[in-house]
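Reading the structure
Chain residues, written in single-letter form:
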Amino acid sequence: MKRQLITFAALIMAALSLQAAPKSKVTKADDSRIVYVGRTLVKNGEVSFDWSAVTARTRFHGQYLAMKCSDTKKNYYNVWIDSDVTGAEVDKVIYTTGTDTLIVIATAEDFAAKAAKMSKADKKKYLAGAHKVTIQKRTEGEQGTTTIKEFITEGDMLQAEALKSRMIEFVGDSYTCGYGSENSVSSDPFKPETENVNKSYCEILARHFDADAFIVAHSGMGIARNYNSKFAGYYMPDRYNQVFDMDDKTMWDAKKSAFAPAVTVIYLGTNDFSVSKQPSLASFKTRYHQLLSEIKANYGEDHPILCVSSKADVVLFDYVRASVETCGLKNVHFLGIFEGIHYNDDRNLGASFHPNYSGHHKIAAAMMPYIATLAGWDFVIE
């Protein structure tokens, strides 16, 4: 009898799902109405990526959004539901893992919560209108590659917000990835759950200038030496032109991309000077010049580049400055981030002595006037 009841219940659920199916709309991940920020690979209707901060913007009718996706490991994502990305606060955090997984991102309950404080008339209008959901990859490429296969909505998919007219490219290491940015104790160990690129200096800068941030960054990477000499012979200048952080076979073609940055920021060198060692100045300059030439080849010889030295070692200032002064390229500039910008205490530090959200704000503040000048944007502090 018990088995019969279970079977009957299963039949009811199957019938209900069949009745609900016509109400849902399936949209391939590569549909032009969905807008992606960051480097992606489109193949057979699917969209794959692994760099930090790759973002999918959607807009649709109805009160339901889900995505079918796969992930080679496990990645965490920030989600904004009918919210503008104007700060670090998010509506929810989700994660991707496994093969052909259906992840429900937004439901009627989410939209009802948004409408809870509205007047009756505004609530009715809001729930019946179009909605937007933004999904941003919090974690870096080392945590896995995500492939989005399709989106499922209750109503029609609509055209999402286009790329912003202002764009900034960031090339960096764990600081740029937002490594440990959600921790408040410097002795905390790193966990992927607390890596949040949206709390990094680059996303703070992008929000300040109302720009899209395109990020090419990997924890532990250097110009000519990686952290503790790991992965010898494979440094950030070698990764820079890859579509994927963790795949050196697929190259990115800037000429075929809609991305047109007003300025590129390079924030590298800390790992070159890690564990009280450093590469030779000659090898550092050679590799730095390689990276600068790759960026210029992508965007033109007049494209501005800001080369930032961290506070890791005072000699690093000389290395980066020397690389800028001897590169023989136009519109390449130097900025040194000194010790006084953010001190080594828990007011400014997250996991493993990396900057927390407060520390990243201070780094961003140091870069703001330089980026404004190089990009030709207004810069006002009120």
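Structure: see above.
Small disclaimer: the values here were computed from a predicted structure and weren't measured. (Residues numbered from 1 in each chain as written. Predicted model: local features only at pLDDT ≥ 70, side-chain atom pairs only at ≥ 80, totals over all residues. Heavy atoms only, no water.)

With respect to the side chain of H354
As for its position among the elements, H354 is in the loop between β17 (332–336) and α9 (357–375). On the basis of relative accessible area, H354 is assigned to the buried category, the value being 14%. A distance of 2.8 Å separates the side chain of H354 from the side chain of S174, its partner in a polar contact. Sequence-distant contacts of H354, that is, excluding residues within four places in its chain, are made with S174, Y175, Y179, N348 and L349. (Helix = DSSP H or I, 4+ residues; strand = E, 2+ residues; numbered from the N terminus. Buried < 20%, exposed > 50% of the residue type's maximum accessible area, 1.4 Å probe, protein only. Polar contact = N/O pair within 3.5 Å; in protein donor to acceptor, adjacent residues only side chain to side chain. Contact = heavy atoms within 4.5 Å.)

Comments concerning the sheet that holds strand β11 (residues 167–172)
With parallel pairing, the five strands of this open sheet are ordered in space as β12-β11-β15-β16-β17. Edge positions in the sheet fall to β12 (212–217) and β17, since each has one partner strand and no second. Direction aside, neighbouring strands of the sheet carry axes that sit 20 degrees apart on average. (Pairing = 2+ DSSP bridges. Axes fitted to C-alpha atoms, helices over the stretch in contact; angles between N-to-C directions.)

So, the packing of helix α5 (residues 201–208) against α9
The interhelical angle for the contact between α5 and α9, taken along N-to-C directions, is 50 degrees, at an axis separation of 8 Å. When the interaxial angle is binned, α5 and α9 end up oblique. When you trace α5 past α9, the crossing you get is right-handed. Here Y201, I204, L205, R207 and H208 of α5 come into contact with α9, specifically with Y357, H360, H361, I363, A364, M367, M368 and I371. (Parallel < 35°, antiparallel > 145°, perpendicular 65-115°, else oblique. Left-handed = near helix turned anticlockwise from the far one by under 90°.)

Concerning the pairing of strand β9 (residues 146–153)
Here β9 lies mainly inside the structure; eight of its eight residues are buried. Pairing of strand β1 (residues 25–28) with β9 involves four bridges; the strand directions are antiparallel. When the bridges of β9 are listed, K25 appears paired with T153. With three bridges connecting them, strand β4 (residues 46–49) and β9 associate as antiparallel partners. Across the sheet, residue S48 finds its bridge partner in β9, namely T147. The sheet contact formed by strand β6 (residues 65–81) and β9 spans seven bridges and is antiparallel. The residue of β9 that forms the bridge with M67 is F151.

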